[in-house]
Amino acid sequence: MLSGVQERLVPWLAPSLAPRLAPLKSWLFPRRVHLKIQDRALTALALDGRCIAWCETLPLPEGVLVGGHPQEVEALGDLLGDWLIERGYGGARLKAVLPWRASAWRVLQWPATAPGRPLADLLPAELGPEAFGAPLEQLDLNLHPLGGGQESLLYGARADLLEAWMAVVAQAGLELDGLEAAGLCCVRAAAVAQARWLLCVEPEQCWLVLLREGAPRWQWPLPGPHQAAALGEALGACRGYIQRVDPAVLATPLALVAAAGGGLELSALLPELRSVIAAGVEPLDPLGGGTLGLLWGLALPEVEP
């Protein structure tokens, strides 16, 4: 019903009235905010096309989030809502990416067609604790079809974690458009760059993912960025395995997808990585913020044609 209303109102919005009309405009036409969730920080990103309109990190006290799971729903919701109101994004539509360890994935030999029964009833029960750290009945599971139609990417997170974030966003007075797994955002960003392997860097830990035809095939948890020497050593060991299973990957640069916030500093990490990876390391961050690669992967469906 409101389609086209904003454009028709523009000639009538005199500059002198803009400050007073901004809250009304925000309510009528809520803007999208992309949010990176980490245990010690929230990083918000708003885009104007492909340009950054606003980006800021909000530090969090210890214990507010544990493994991405809100421990104080009302307090966190109030904090998030007040923060966005102060920055002019009250009532925004929110799309968020969870910390990497808050979700998990497996590639299954499964056709692209959706099953007729809940996934938890069809999968081996041991897959839950093995892949996701919780029984299947405690998880929210989704299938993402892969190329060829005979395989799917199974990804999921604890249902109570997702419900807690829905409550946080409701408390903040925002509209939740979706929660995504960090792995999906990383793979999406790497696929656009036609990368063959990627390193997702978060403040506490790193993950190395090997891709084939744009789909993840192997994943290794590695030391965090503040242990540069240990990370380089672990990466070298993974390189030996990749040499056996897909040696052509090693002739391509390693894509670096970093998470913003949490005091992450990449400048000391890059020399160590480049000393191990002969083909070099290429940070994936078209937004130019240095550590916005994961948020870029979250926002890609809206900015790519």
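Above this text you will find the structure in question.
Keep in mind it's a predicted model, so treat the numbers as computed, not measured.

Undergrad: How do you make sense of helix α10 (residues 293-303) when you look at a structure like this?
TA: Owing to its 3.6 residues per turn, the α-helix aligns residues three or four sequence positions apart on the same side. Among the eleven residues that make up α10, nine are buried, leaving the element largely enclosed by the rest of the structure. Among all positions of α10, only G293, L294, L295, W296, G297, L298, A299, L300 and V303 are buried.

Undergrad: What is the right way to read the sheet that holds strand β11 (residues 197-201) from this model?
TA: The strands making up a sheet associate through backbone hydrogen bonding, with each pair oriented either parallel or antiparallel. If you walk across this open sheet you meet the five strands as β13-β12-β11-β14-β15, and the pairing is mixed. In this open sheet, the two strands that pair with only one neighbour each are β13 (215-222) and β15 (281-283). In this sheet, adjacent strand axes meet at a mean angle of 25° when their direction is disregarded. Here β11 runs beside strand β12 (residues 206-212); their pairing, made up of five bridges, is antiparallel. Note on β12: the bridge partner recorded for L198 is V209.

Undergrad: Explanation requested: the packing of helix α3 (residues 73-86) against helix α6 (residues 159-171) in the structure shown.
TA: A packed helix pair is summarised by two numbers, namely the angle formed by the two axes and the spacing between the axes. Across the interface, α3 lies against α6 with an axial gap of 7 Å and an inter-helix angle of 45°. The angle between α3 and α6 places the two elements in the oblique class. With respect to the hand of their crossing, α3 and α6 are arranged in right-handed fashion. Packed against α3, whose contacting residues are V73, E74, L76, G77, D78 and L80, the element α6 presents A164, W165, A167, V168 and Q171 at the interface. Tallied by class, residues from the contact of α3 with α6 come to seven nonpolar, two polar and two charged.

Undergrad: Any chance you could explain the layout of surface pockets here in plain terms?
TA: Using a probe with the size of a water molecule, rolled over the atoms, empty space left in the structure can be pinpointed. Taken as a whole, the largest pocket spans an internal volume of roughly 420 Å³. Looking at the largest pocket, it is lined by 22 residues, and the ones nearest its centre are R101, S103, A104, A131 and F132. For the lining of the largest pocket, the elements supplying multiple residues, two or more each, are β7 (103-108), α5 (127-132), β9 (152-158) and β13. Take the lining of the largest pocket: its biggest share by element is five residues, from β7. Within the lining of the largest pocket, the residues separate by chemical class into twelve nonpolar, five polar and five charged.

Quick notes on the rules
Residues numbered from 1 in each chain as written. Predicted model: local features only at pLDDT ≥ 70, side-chain atom pairs only at ≥ 80, totals over all residues. Heavy atoms only, no water. Buried < 20%, exposed > 50% of the residue type's maximum accessible area, 1.4 Å probe, protein only. Helix = DSSP H or I, 4+ residues; strand = E, 2+ residues; numbered from the N terminus. Pairing = 2+ DSSP bridges. Axes fitted to C-alpha atoms, helices over the stretch in contact; angles between N-to-C directions. Parallel < 35°, antiparallel > 145°, perpendicular 65-115°, else oblique. Left-handed = near helix turned anticlockwise from the far one by under 90°. Contact = heavy atoms within 4.5 Å. Nonpolar A, V, L, I, M, F, W, Y, C, P; charged D, E, K, R; others polar. 1 Å grid on protein atoms, 1.4 Å probe; cavity = no way out; pocket = protein on both sides within 12 Å on 5 of 7 lines; lining within 4 Å. Points joined across faces, edges and corners; volume = space filled by probe spheres on them.

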